[in-house]
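Listed below are the residues making up each chain.
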Amino acid sequence: METECFMTRGWKAIRSGGILMGAALLLWAVRGRAQTKGAPSGEISGTVTANRDYALSEASGNHIPALYAVRVRARDAERHITYTVFTLKGHYQIYNLPPGNYEMSALQDGFDSKGPAIELKAGETKTADLALVVRPDKLRAELVDFDTLFTPGPTRDYVMNNCMGCHGYEHIPWQRMGGRNDEVWGNAVSRMFNMDGTSPVNHTGVPQVNPAAIPQEKRDEIVAYFAKIFPDGGKPRDLKLDDLPLDEAALSKAIYIEYDLPPAAPGKKNAEISSHDVWPSRISPTVYVSEMGMDVIQGMDKNRIDYPGRFTTYALPNPDLGHRVLGPHGITQAKDGHVYAAEIDESSIAELDPETGKVTQYETPTRSTPHTIRSDSKGNVWFTEMQGVSKVAKLDAITKKITEWDPSPSDTNAHYYGMTVDQKDRVWAVGMTSHKIVGYDPKTGNWSVYATPTQPSGPRRPTVDSKGKVWFSEHIGQALGVLDPDTGKITEYKDPFKLGGGYECYADAQDNIWVTLRSYGVLAKFDQKTKKYTYFPEPFPDMMGREHPGPNGTRLGGLYPPKIEEDADGTFWYAGIRMTTLTAFKPAGNVPNSQRAGN
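Residues numbered from 1 in each chain as written. Predicted model: local features only at pLDDT ≥ 70, side-chain atom pairs only at ≥ 80, totals over all residues. Heavy atoms only, no water.

## Focus: the pattern of salt bridges
Considering all chains together, one arrives at 26 salt bridges under this definition. When the shortest N-O distance is used, the salt bridge between Glu258 and Arg73 registers 2.9 Å. Taken as a pair, Glu258 in strand β15 (residues 255-260) and Arg73 in strand β5 (residues 71-76) lie far apart in primary sequence, 185 residues in all. Each member of the pair, Glu258 as well as Arg73, is classed as buried. (Salt bridge = Lys/Arg side-chain N within 4 Å of Asp/Glu carboxyl O. Helix = DSSP H or I, 4+ residues; strand = E, 2+ residues; numbered from the N terminus. Buried < 20%, exposed > 50% of the residue type's maximum accessible area, 1.4 Å probe, protein only.)

Have a look at this one:
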């Protein structure tokens, strides 16, 4: 299957013929340059106060200081950009803000805030003090330990080995789905083996779990287990976590910048906007976003802040429009400058030429759900196939033919998820329900398979540091793992916190290993030399990330950065499921321009 489409700028352009709104584009471009390179930047600073000296932690239920590392947000409604920084001893400063009008607010567990509106002129410094007002103390659920929530026994062991690699206590968490009876839990479990996919909308044609992997008798045991621990009418319970130690001095230098994505496509709702992976280009100032719910790739020019003119929207052709979405998921850019997206719901790979907007799609030989995608030094594009079959595949740079491998045929339910390519073009992928790391050596054509020391571990995302070591998160094993490809030895660093749900794992330019702790809603930096973590809470309204209301009022969570990528300036970028923003994270970026070095 090879189909083509062309790019549009925003949703007001004509999609079918690739016609751009020339006059509007010129206006946007001129306005964008004026906003970013014209007037000097300004600064907003102030003090945060609270009417109570402690907050009620959403993580542990304990009392924590109300005015420690408070997140302060400045919202530029005209440009659809939000800046978030942290207080140091109750004071904050936001540097390098473009002139404009800002709505100020603050975030802290158990408090509301209503900040002032600030008009900031070029080169101006303004003061904006904020007051936190406590809400009545009320936790979302009774907080209990893991064994209390998930009763130990053979069925739990089976669930952890075969199911928690995907589902779990922090990803589509069962405990937040609300109590159900046997019949309803039975329907939920049966959906995992549905040959048309788990979604009633997308119809992937691929089951979430290979039916050959889990026999019916085990499915019945799983249903009975969940109906017992989460019964219909049962009291809401969730996991009791730790209160992470925060370094105010380090946090005060960090800044998050959230750029609203363009509004929904015609005929769709903003609630359907759902992004996944991002790719900051190494050859242009563009950050690409795979926008699953809209069947598009968004390209944002980092040098422009006007809205929506900073975005170019590349519509992907959908041969099954009305039956399923394409679900562009993983994204990467090859050495020829073309951008590739894994279309998880259409079992295909999309190739985009950003210069012309032309899109070509390549169908996978086996019906599957292409997931994470990376390119090697020769321009070949590698990707994992997660659901149904468990394979890793390559789109050849020259022939454009796809070859598939099953790295470990005995693992019928491996769910190959994250992947990476190292400096020697070796390909590494993780089986999140086989609890193994697999690697392909292009020189020998052989696959190697490494079981993690902790079983089950639920490895989610791998990365490679400058020395060629393969790091990976273990969101069940509660550890950070590292594989030495030369010796085959795996070392695990156990988490110093409870039930973090480590998801993304990323080696930055200084060989720090970044992990997204989904249970806590933080980005965590692991220093290889000291083996210590620094935690950066995300700029979302609660500890679990932005709330995603589930059915019948349940709280599924689900908004988190699934994949972060660092650009040449040391800025991290991410989008995320059910997020409507593209976020830039600068760990040391909240300083005056004259003091900046990299980020």
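## Observations concerning unusual backbone geometry
The linkage connecting Tyr307 with the following residue, Pro308, adopts the cis geometry, with an omega of 0 degrees. Mapped onto the fold, Pro308 is located in the loop between β18 (296-301) and β19 (311-315). Across the junction of Gln455 and Pro456, the peptide omega takes the value -10 degrees, indicating a cis bond. Relative to the elements of secondary structure, Pro456 occurs in the loop between β31 (446-451) and β32 (459-464). Even without glycine at this site, Asn96 takes up a positive phi of about 60 degrees. In this fold, Asn96 is placed in strand β7 (residues 91-97). One non-glycine residue, Gln478, lies in positive phi territory at about 55 degrees.

## So, the sheet that holds strand β26 (residues 391-395)
Read from one edge of the open sheet, four strands run β24-β25-β26-β27, paired in antiparallel fashion. Of all strands in the sheet, those bounded by a partner on one side alone are β24 (370-375) and β27 (402-405). The sheet shows a mean angle of 20 degrees between the axes of neighbouring strands, direction not considered. Alignment of strand β25 (residues 381-385) against β26, held across five bridges, turns out to be antiparallel. Following the sheet pairing, Trp382 is matched in β26 by Lys394. (Pairing = 2+ DSSP bridges. Axes fitted to C-alpha atoms, helices over the stretch in contact; angles between N-to-C directions.)

Shape descriptors only; they carry no functional weight alone.
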